[in-house]
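Residues per chain, in single letters:
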Amino acid sequence: MPSPDPQPAFVLIRPQMGENIGAAARAMWNFGLDRMRIVAPRDGWPNQKAVAMASGAGRLLDEAQLFDDTPGAIGDCSFVYATTARPRDLTKPVFTPEAAMQDARDRIAAGEKVAVMFGPERAGMENDDIARANAIISVPVNPDFPSLNLAQCVLLTGYEWRRVAVPTEAQRVGAVGDWAEQIEIEKLSAHYEERLEEAGFFFPDHKAANMKTNLRNLWSRMPLTRADVQMLHGIIRQMVRWKDRG
């Protein structure tokens, strides 16, 4: 059974080698983290190479949650961080690992459910995954050699989680449980994409994919409550009704 301590989920996006998954599990357990989620592992699951590498942290692999895609893995979370060493063209808050884990502790203390995403070993996360995150964790590494091994990145983030002082009482707007979960943001994004597609907004065709990614990125930057999401759904529905009456 997972430990009762409130903590973030660590989400491995399309990991490529069982050994790295096992090493990531071992790094997590070094710092008392045991909420592992795995998205579409390249070599399938379960993986004996992961078990061998995990050593005493095999329990994390036994209890790891497996998902087919990123939206499914983060759907129940209200705030998500994406770890990346490379600058991106998506505008988001950028944290150091230390600042991110302090922020995560404050959010969890306020009742939010938080996840940290880690990308594939070879090339890191794609923009489509990062667009779904609310903030970026960037490690100040050597710019001439910025690549971190998956387990190294997990270890570094887990260390900062463990090291951060006992969180201060969070001061946030809204009651515990009011923040929208990622699945609700996903449905909101899909609703707007569908209606804007019908209206011919995504034009010309060769720019449509980037426009949709930027729109998704816009939603993820907003600290939306469930009431906000309901209102935004209502706005687009009313606009469609008004157009149809015309």
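Above: the structure in question.
Overview of the structure.

1. Concerning the layout of surface pockets
Move 1: Put simply, the largest pocket is a space of about 340 Å³.
Move 2: If you trace the largest pocket, you find 22 residues lining it, with T84, A85, P120, G124 and L148 closest to the centre.
Move 3: Tallied by class, the residues present in the lining of the largest pocket amount to 11 nonpolar, 7 polar and 4 charged.
Move 4: Roughly 250 Å³ of internal volume is contained in the second largest pocket.
Move 5: Lining the second largest pocket are 14 residues, and of these A9, R35, R37, Q65 and K113 sit closest to its centre.
Move 6: Here the residues of the lining of the second largest pocket sort into 6 nonpolar, 2 polar and 6 charged.

2. A closer look at the packing of aromatic side chains
Move 1: The full count for this structure, using the stated rule, is 6 aromatic pairs.
Move 2: Through a chain of ring-to-ring contacts, the aromatic side chains of F79, Y81 and F95 assemble into a single cluster.
Move 3: The ring of W29 has R59 sitting right over it, with the charged end atom 4.7 Å from the ring centre.
Move 4: Directly above the ring of F79 sits R107, whose terminal nitrogen or CZ lies 3.5 Å from the centroid.

3. Details of the nonpolar core
Considering soluble globular proteins, one finds that nonpolar side chains tend to be buried as a cluster.
Move 1: Membership of the largest hydrophobic core comes to 33 residues, with the highest contact counts inside it found for L12, M36, Y81, M101, F118 and V154.
Move 2: The element that contributes the greatest number of residues to this core is helix 1 (residues 18-30), accounting for 5 residues.
Move 3: Those residues in contact with M36, other than ones at most four positions away along the chain, are F10, L12, I21, A24, A25, M28, L61, A64 and Q65.
Move 4: Listed in part, the 18 residues of the second largest apolar core include V39, I74, C77 and A131.

4. Observations regarding the packing of helix 8 (residues 182-198) against helix 9 (residues 208-221)
Move 1: Running from N to C, helix 8 and helix 9 point in directions that differ by 140 degrees, and their axes come no closer than 10 Å. By the angle between their axes, helix 8 is oblique relative to helix 9. Of the two elements, helix 8 crosses helix 9, and the hand of that crossing is right-handed. Of helix 9, the residues touching helix 8 (which contributes I185, E186, L188, S189, Y192, E193, L196 and E197) are K212, L215, R216 and W219.
Move 2: A class-by-class count of the residues in the contact of helix 8 with helix 9 yields 6 nonpolar, 1 polar and 5 charged.

The rules behind each value
Residues numbered from 1 in each chain as written. Predicted model: local features only at pLDDT ≥ 70, side-chain atom pairs only at ≥ 80, totals over all residues. Heavy atoms only, no water. 1 Å grid on protein atoms, 1.4 Å probe; cavity = no way out; pocket = protein on both sides within 12 Å on 5 of 7 lines; lining within 4 Å. Points joined across faces, edges and corners; volume = space filled by probe spheres on them. Nonpolar A, V, L, I, M, F, W, Y, C, P; charged D, E, K, R; others polar. Phe/Tyr/Trp six-rings, centres within 6.5 Å; stacked < 30°, edge-to-face > 60°. Lys NZ or Arg CZ within 6 Å of the ring centre and 35° of its normal. Core = buried A, V, L, I, M, F, W, Y, C linked by side-chain atoms within 4.5 Å. Buried < 20%, exposed > 50% of the residue type's maximum accessible area, 1.4 Å probe, protein only. Helix = DSSP H or I, 4+ residues; strand = E, 2+ residues; numbered from the N terminus. Contact = heavy atoms within 4.5 Å. Axes fitted to C-alpha atoms, helices over the stretch in contact; angles between N-to-C directions. Parallel < 35°, antiparallel > 145°, perpendicular 65-115°, else oblique. Left-handed = near helix turned anticlockwise from the far one by under 90°.

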